[in-house]
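Take a look at the letters that make up each chain.
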Amino acid sequence: ESMTIEERIRTYVRNNFLFGNDAAILDDGSLLDAGIVDSTGAMELVSFLESEFGLRVDDHDLVPENLDSIAAMAAFVVRRQAEEQKVAVAPFAAAS
């Protein structure tokens, strides 16, 4: 059984930022406000999202709305995957 996007992100956060203790993680809780992730950690998260989910995170994507909680990151991944599928299906649509 495969893990959901949220579970994959939560597992990464738990292992890399909380060292196995996930008592403090709520899906919609701010990782920055909770002191779990700082700016360096945010860049690690971006690298994880890119490699784990095969997507590109652009500079303009680096905003709290996309990265500040597990739920926000999961929603961003779903949106970006949908966008990239549209580009793959219709590579010339964007040029018109």
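Residues numbered from 1 in each chain as written. Predicted model: local features only at pLDDT ≥ 70, side-chain atom pairs only at ≥ 80, totals over all residues. Heavy atoms only, no water.

Draft legend 1. Representation of the side chain of Ser 30 within the structure. Tracing the chain through its elements places Ser 30 in the loop between α1 (5–17) and α2 (39–53). Among the polar contacts made by the side chain of Ser 30, one reaches the main-chain amide nitrogen of Leu 32 at a distance of 3.4 Å. Only 2.9 Å separates the side chain of Ser 30 from the backbone nitrogen of Asp 33, close enough to count as a polar contact. (Helix = DSSP H or I, 4+ residues; strand = E, 2+ residues; numbered from the N terminus. Polar contact = N/O pair within 3.5 Å; in protein donor to acceptor, adjacent residues only side chain to side chain.)

Draft legend 2. The arrangement of the pattern of salt bridges in detail. Taken as a whole and assessed by the stated rule, the structure comprises six salt bridges. Between Asp 61 and Arg 80 there is a salt bridge, with the nearest N and O atoms lying 3.1 Å from each other. Residue Asp 61 is located in the loop between α2 and α3 (64–67), and its partner Arg 80 is located in helix α4 (residues 70–89); the two are separated by 19 residues in the primary sequence. The two residues Asp 61 and Arg 80 agree in class, both being buried. In this structure, the salt-bridge partner of Arg 80 is Glu 83, at a minimum N-O distance of 3.0 Å. Placement of both Arg 80 and Glu 83 in helix α4 is noted, with a separation of three residues, approximately one turn of the helix. Residues participating in the shared-partner salt-bridge network are Arg 56, Asp 58, Asp 61, Arg 80 and Glu 83. (Salt bridge = Lys/Arg side-chain N within 4 Å of Asp/Glu carboxyl O. Buried < 20%, exposed > 50% of the residue type's maximum accessible area, 1.4 Å probe, protein only.)

Draft legend 3. Main features of α4. Taking 1.5 Å of rise per residue, the 20 residues of α4 would be expected to cover 28 Å, and the 28 Å separating its terminal C-alpha atoms lies within 8% of that figure. Every buried residue of α4 is listed here: Ile 70, Ala 72, Met 73, Ala 74, Phe 76, Val 77 and Arg 80. On its buried face, α4 is in contact with α1, α2 and α3. (Expected span 1.5 Å × (residues − 1). Contact = heavy atoms within 4.5 Å.)

Draft legend 4. Focus on α2. With 15 residues, α2 should reach 21 Å at 1.5 Å per residue; the first-to-last C-alpha distance of 21 Å fits that figure. Of the residues making up α2, those classed as buried are Gly 41, Ala 42, Leu 45, Val 46, Phe 48, Leu 49 and Phe 53. Along the axis of α2, the buried residues cluster in a sector spanning 165°; they form a single face. Buried residues along α2 sit against α1, α3 and α4. Capping the start of α2 is the job of one residue whose side-chain oxygen sits 3.1 Å from the backbone nitrogen of Thr 40: Asp 38. (Arc of directions from axis to C-beta.)

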